[in-house]
Amino acid sequence: MSIAFLFIGLFGLMLIGVPVAVALGTSTVLSMLLFTELDPMSIPQLVFDGINKFSLMAIPMFILAGNLLSKGSSAHRIIDFAKSMVGHLPGGLPMSAIFACIIFAAVSGSSPATVVAIGSIMFAAIKDAGYPASYAVGGITTAGSLGILIPPSIVMIVYGVTAEESIGKLFMAGVIPGLMIGAMMMLQTYWGAKRLGFKATEPAPFRERLQKLGKAFWALMVIFVVIGGIYGGIFTPTEAAAVSAVYAFVISYFVYKDIQLKDLYKIFLESAMTTSMIFFIIANAVVFAHFLTSEQIPQTIAQTILDHNVGKIGFLILVNIILFIMGQFMEPSSVVMIMVPLLLPIATELGIDPIHFGIIMVVNMELGMITPPVGLNLFVASGLTGMSLKDVVIASLPWTITIFIGLILVTYVPAISLWLPNLMFGTY
């Protein structure tokens, strides 16, 4: 009875427009008061213990780094470099945009920021080059979702903290799936452009490519500072986040000189607001997870699934359906915080690696960012282009299908996610 009340209350509150974090906290506290003898006075301590984690300090730092870079000229420089590399191919301009999204995703760690930074420059340029509006919108809107898969990723940090798994391993596990899906999207764009009659042009001279690389060098170095520092043993992922924020300020203010001190207030305010939203969700999700555990819900669900002999393949199909539906209505961090306590114990019981399971969740959240009714990237693209939400959805559909194919591969070929972390950290 308590569980029925909990979930009916949770989804009922969300349906009437109550924010996810408030719906989580309200439904959980009411369930505790009405159906259990759990002491509600323990909630403040639960919340404090849940957010008092060193790893969570990485979230505001990565958000700040992404905002600092997206407000400056880093996106322009990355786009120019991408154009010099693939711009001569059929579909080269939209391919450059997708390539730039892949790079900027690794720089910013944010899907909406990637769509804004790359889309604000490339939407008009692709249309002016004679490509259909769908090429100007669909590829960037969907490629921007790679921001939560290619490290550093806020959603991976949330999963790592919730599942108590290594964030370093999760970051490495996202590299190959992110590059693979990005490459699939570029290939799709290439073939589509050839069918539309676009021809290859002369590639940029090697000297020009070096010049573009040089101009983008300091922005691209963020990736190597963060990833190289973590896996070189110089600092932890949390320390890397702080380093990335300082580095982003130094290159934006002193090297590229494209932000001023007066801009910092707005950048810090936006970063603080985003961080507050995520931490408020985490705080309420901690109470939610504690209630589920105390009521033995994950164990009961796991035993039911095992008793029905669903098997690993059937369970993963069920997981993808559930996560895809939830991702359409909820923010990625919310879904992770709610579903990990329920699904991870079952996955572990069935022999599914927790790191692999985390990547499955993140790719599902990618799809949620680009599918209605609450796909955030769709709204960002609609606002940037002036197109209706319906038109953005239709334009994005071919690339959305490509990501869905990538999800199937990631789900049923664990080596795609696990080969790199196993190589770097040893089999576990």
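Residues numbered from 1 in each chain as written. Predicted model: local features only at pLDDT ≥ 70, side-chain atom pairs only at ≥ 80, totals over all residues. Heavy atoms only, no water.

Participant: Tell me what's going on with the packing of helix H1 (residues 2-15) against helix H2 (residues 20-35), and back it up with residues and numbers.
Facilitator: As a packed pair, H1 and H2 sit with axes 9 Å apart at the nearest point and diverge in direction by 155°. Overall, the two elements H1 and H2 adopt an arrangement that is roughly antiparallel. In this structure, the crossing between H1 and H2 has a hand that is right-handed. Facing H1, whose interface residues are Ser2, Phe5, Leu6, Gly9, Leu10, Leu13 and Met14, H2 presents Val20, Ala23, Leu24, Thr26, Ser27, Thr28, Leu30, Ser31, Leu34 and Phe35. Its residues assigned to classes, the contact of H1 with H2 shows 11 nonpolar, 6 polar and no charged. (Axes fitted to C-alpha atoms, helices over the stretch in contact; angles between N-to-C directions. Helix = DSSP H or I, 4+ residues; strand = E, 2+ residues; numbered from the N terminus. Parallel < 35°, antiparallel > 145°, perpendicular 65-115°, else oblique. Left-handed = near helix turned anticlockwise from the far one by under 90°. Contact = heavy atoms within 4.5 Å. Nonpolar A, V, L, I, M, F, W, Y, C, P; charged D, E, K, R; others polar.)

Participant: Which residues make up unusual backbone geometry, and what values go with them?
Facilitator: With an omega of 0°, the peptide bond between Pro151 and Pro152 qualifies as cis. Topologically, Pro152 is positioned in the loop between helix H8 (133-143) and helix H9 (154-163). Here the phi dihedral of Glu164 falls at roughly 55°; this positive angle occurs in a residue that is not glycine. Relative to the elements of secondary structure, Glu164 occurs in the loop between H9 and helix H10 (167-195). One non-glycine residue, Lys257, lies in positive phi territory at about 55°. Checked against the element boundaries, Lys257 lands in the loop between helix H12 (237-255) and helix H13 (264-294). Among the residues examined, Lys257 registers a relative accessible area of 65% and is labelled exposed. (Buried < 20%, exposed > 50% of the residue type's maximum accessible area, 1.4 Å probe, protein only.)

Participant: Break down the environment of Phe198 for me, citing the residues and quoting the values.
Facilitator: Tracing the chain through its elements places Phe198 in the loop between H10 and helix H11 (206-231). For Phe198 and Gly130, which are 68 residues apart along the polypeptide, the C-alpha to C-alpha distance reads 9.4 Å. Once residues within four sequence positions are removed from consideration, Phe198 is found in contact with Pro90, Gly91, Ala129, Gly130, Tyr131 and Ala193.

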